[in-house]
Amino acid sequence: MTQPPRPARRLGRLVTCLLAAAGLAAAWAQPIADATKTYYVGTLTSEAGAAEPVLLDLSLYQDGFAFGRLQLAGRHEVLHGGGTLRDGTLLRLTLAPAPPGDDPWWAAELAHLAHRGEAEREGPGAVAAVLTAERDHDWADEGRTLVGTLRLASGEPLRLAATRLASAARWTFELGRVTSTAVLPRFHGQAAVNAWLEELALPPQQDFAAEGVGLLEEGSLGWAWWREERFELAGAAGPYLSLLATTDVYTGGAHPNAWHESHLVALEDGRVVTLGLEDLFAGEGWLDAVSELVLADLGAQEAMWVVQGDVTSLTTDDLAAFTLDAAGLTFHFSPYAMGPYVQGSFRVTLPFEALAGLAADDGPVAAFARGAPVAAPGSG
């Protein structure tokens, strides 16, 4: 089991402070959402010819700042860091180990704020690698491929060849003080998963907008009425996609609220099959074992409800928001779940070795643990 270092624990507190400052300034402006996001899947190849699968989550900002989260599946490592994209083509990122259970979206946003001098810059950590790559710039289909070199701190160069797996798409309704937005990855060549995501996310987005418009027309709307739900691709292995949905909402009151939901799916013969936490494990006793590991980590993070003894065991409902990536299995706890609002969200990452003997031998955990390659996307 890994313990998030203190900078990672501070992230949730910093997020809360940023939200609070925004709300006090002017009627709770929306969360920052300046970046375009693309996910790439591919391989890193050594000079000896050994290849390992990778997944790159790349956030690009209008001012040329870039932030990447690179998953090295075969090494059970996740690296992240900022850099630049020049002329829409030349990418350079300086990467350090990502804290276990980090929030990729907020990590990118805070790095961008620091780049602009609008937030305190965290220490970069030990540089683990530098990625230099060329992104294709065909105006008709920009950003399909990335080709370049990942040079490790040891000096070892690894050749990167990656293809776009998905790009973030945004649906937004705006009218006066009413805003409702859904941000979804759109998978290229995967019509079934795109339709499933839209059916999942768009009706709540539209319903929230309609409710806000009704209040606006009645003249009973307060400071603001906004909602943003972001679906992120947390990880991919073999036929499995692990998605995290984070919803930020403000409908009046002292502060906005936020919560996490997760979706683990398998793509089978053009169909989307949804999976739950129980599908990750085998045999008896896994829930007690996982609960013990997670509570120990939450206690180390000083989650108040755990430290005070209000939470002494966890149910499958408590653990319902989870994601899989190259680092392991991460559980996501929304504000209020394990502590007061001021403590923000908590995340606990259990590395694959901590799940030995608990996870099913042929299930999603095993696929992520061995770094099963993701099929290259089709066109579309």
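Residues numbered from 1 in each chain as written. Predicted model: local features only at pLDDT ≥ 70, side-chain atom pairs only at ≥ 80, totals over all residues. Heavy atoms only, no water.

### Quick word on the packing of aromatic side chains
Alright, step 1. Counting across every chain of the model gives five aromatic pairs.
Alright, step 2. When the centroid spacing of 4.9 Å and the interplanar angle of 20 degrees are considered together, the rings of F208 and W225 count as stacked. You can see F208 sitting in helix 3 (residues 191-218) and its partner W225 sitting in strand 10 (residues 225-237), a full 17 residues away along the chain. In this structure, F208 and W225 share a single accessibility class: buried.
Alright, step 3. Between Y336 and Y341, the aromatic rings sit 5.7 Å apart at their centres with planes inclined by 40 degrees, giving tilted as the arrangement. (Phe/Tyr/Trp six-rings, centres within 6.5 Å; stacked < 30°, edge-to-face > 60°. Helix = DSSP H or I, 4+ residues; strand = E, 2+ residues; numbered from the N terminus. Buried < 20%, exposed > 50% of the residue type's maximum accessible area, 1.4 Å probe, protein only.)

### A short note on the sheet that holds strand 14 (residues 322-325)
Alright, step 1. Strand order in the open sheet formed by three strands is 14-15-16, and the pairing between neighbours is antiparallel. Two strands lie at the open edges of the sheet, namely strand 14 and strand 16 (346-350), each paired on one side alone. On average, each strand axis in the sheet is inclined to that of its neighbour by 20 degrees, with strand direction left out of account.
Alright, step 2. Relative to strand 15 (residues 328-333), strand 14 is paired through four bridges, and the arrangement is antiparallel. Considered in strand 15, the bridge of D325 is made with G328.
Alright, step 3. This element, helix 4 (residues 286-300), spans strand 15 and strand 16 of the sheet and lies at about 130 degrees to strand 16. (Pairing = 2+ DSSP bridges. Axes fitted to C-alpha atoms, helices over the stretch in contact; angles between N-to-C directions. Contact = heavy atoms within 4.5 Å.)

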